[in-house]
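Reading the structure
Spelled out from the first residue to the last, the chains are:
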Amino acid sequence: VTSRQLRDRLEKELLKDVSLRVTEQGSDSFNVAGRGEMHLSILIENMRREGYEFQVSPPRVLLKEEDGVKTEPFEHVVIDVPTEFQGSVIEKLSSRKAELINMAPQGENRMRIEMKIPSRGLFGYRSEFLTDTKGTGVMNTIFDGYRPYVGELPTRNTGSLVCFETGESITYGLYNAQERGQLFIGPGEPVYAGMVVGVSPKNEDLVVNVCKRKQLTNMRASGSDDALRLVPPKKMSLEECLEFLAQDELVEVTPKSLRIRKAILDHAERARIISRAKKGN
């Protein structure tokens with residue numbers, strides 16, 4: 001798929017979607033602005049089903065300058081959760097610069113919480129919210145206008161498991177890799193160097209070799225014939241992939257699959273950039 005075909009498809013979408021804005025950036029990239037993650041994910045999914053292939057960068061909000069002050073969009077958030085989870089929800093949102101507006105009990109064991117939060121503070125939180133409330137929480141948001149920019153927000157507190165080499169994932173390599181975090185892939189899947197194959201609980205990226213095969217020897221150790229047990233991989237939807245993205249990652253969208261990758265695939269080049277950034281700080 002060429003950039004010309006992508007441009008034609010986006011221009012066709014503009015004719016029927018008045019809330020969409022598309023600007024060209026360079027010869028092969030486009031800046032697509034819409035009304036939130038769901039609006040854009042519907043467009044991405046439609047294009048994917050039509051056979052288009054492209055890469056998507058992490059979503060970001062549109063900032064404005066008002067009377068010399070940088071402003072950003074805010075959301076009014078209404079949450080209904082069991083009382084046992086209210087502390088965790090308030091703590092997580094407060095760390096994302098949310099402001100508590102109101103709390104009121106709903107029945108015997110549920111709480112209604114109202115907060116105002118920067119729109120970018122909700123990126124990556126919905127799946128975390130479902131996990132923290134064990135799927136029992138309900139969250140609704142509505143645009144609340146622009147307010148002064150609140151500064152940097154904490155980013156994702158987990159790292160990525162990054163594939164070391166190009167090849168096919170092997171059970172033995174996956175078995176060793178799953179000890180470092182949760183995997184996104186199973187055995188027999190094509191992978192490439194720089195592809196994100198899982199999430200690490202540590203706040204740093206880890207390079208893993210999921211293509212590694214067990215070395216064959218003439219000696220048979222006790223238990224060597226036991227079947228290796230793999231934890232079922234986590235399969236993520238398009239919305240979950242967009243929420244998961246770190247600033248140096250992209251979602252690779254194809255008709256058959258969704259893959260997350262590092263923007264810079266070469267491990268040595270990524271390490272040099274990280275090293276220079278740390279020295280600069």
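Placed above this text is the structure.
Only a predicted model underlies this, so the values are computations on that prediction, with no experimental measurement involved.

Looking now at helix H1 (residues 3-16). Given a rise of 1.5 Å per residue, 14 residues ought to cover 20 Å, and the 21 Å separating the end C-alpha atoms of H1 matches this to within 8%. Buried within H1 we find Leu6, Arg9, Leu10 and Glu13. With its buried residues spanning 95° around the axis, H1 presents them on a single face. Exposed and facing more than 90 degrees away from the buried side of H1 are Lys12 and Leu15. Summarising the contacts, the buried residues of H1 are in contact with strand E1 (21-25), strand E2 (29-33), helix H2 (37-49) and strand E3 (54-56).

Pairing between side chains of opposite charge can happen when their charged atoms approach one another. Counted according to the given criterion, the structure contains 22 salt bridges. Salt-bridge contacts for Glu128 lead to Lys92; the nearest nitrogen and oxygen are separated by 3.0 Å. In this pair, Glu128 is assigned in helix H4 (residues 126-132) and Lys92 in helix H3 (residues 86-95), connecting sequence segments 36 residues apart. Classification of Glu128 by relative accessible area gives partly exposed; the value is 22%. A relative accessible area of 26% places Lys92 in the partly exposed class. The closest approach of N and O atoms between Lys116 and Asp144, which form a salt bridge, is 3.3 Å. Residue Lys116 is located in strand E7 (residues 110-118), and its partner Asp144 is located in strand E8 (residues 138-148); the two are separated by 28 residues in the primary sequence. Of the residues examined, Asp144 reaches a relative accessible area of 29% and is grouped as partly exposed. Via salt bridges that share partners, Arg9, Glu13, Lys16 and Glu50 belong to a single interconnected network.

Definitions and limits used
Residues numbered from 1 in each chain as written. Predicted model: local features only at pLDDT ≥ 70, side-chain atom pairs only at ≥ 80, totals over all residues. Heavy atoms only, no water. Helix = DSSP H or I, 4+ residues; strand = E, 2+ residues; numbered from the N terminus. Expected span 1.5 Å × (residues − 1). Buried < 20%, exposed > 50% of the residue type's maximum accessible area, 1.4 Å probe, protein only. Arc of directions from axis to C-beta. Contact = heavy atoms within 4.5 Å. Salt bridge = Lys/Arg side-chain N within 4 Å of Asp/Glu carboxyl O.

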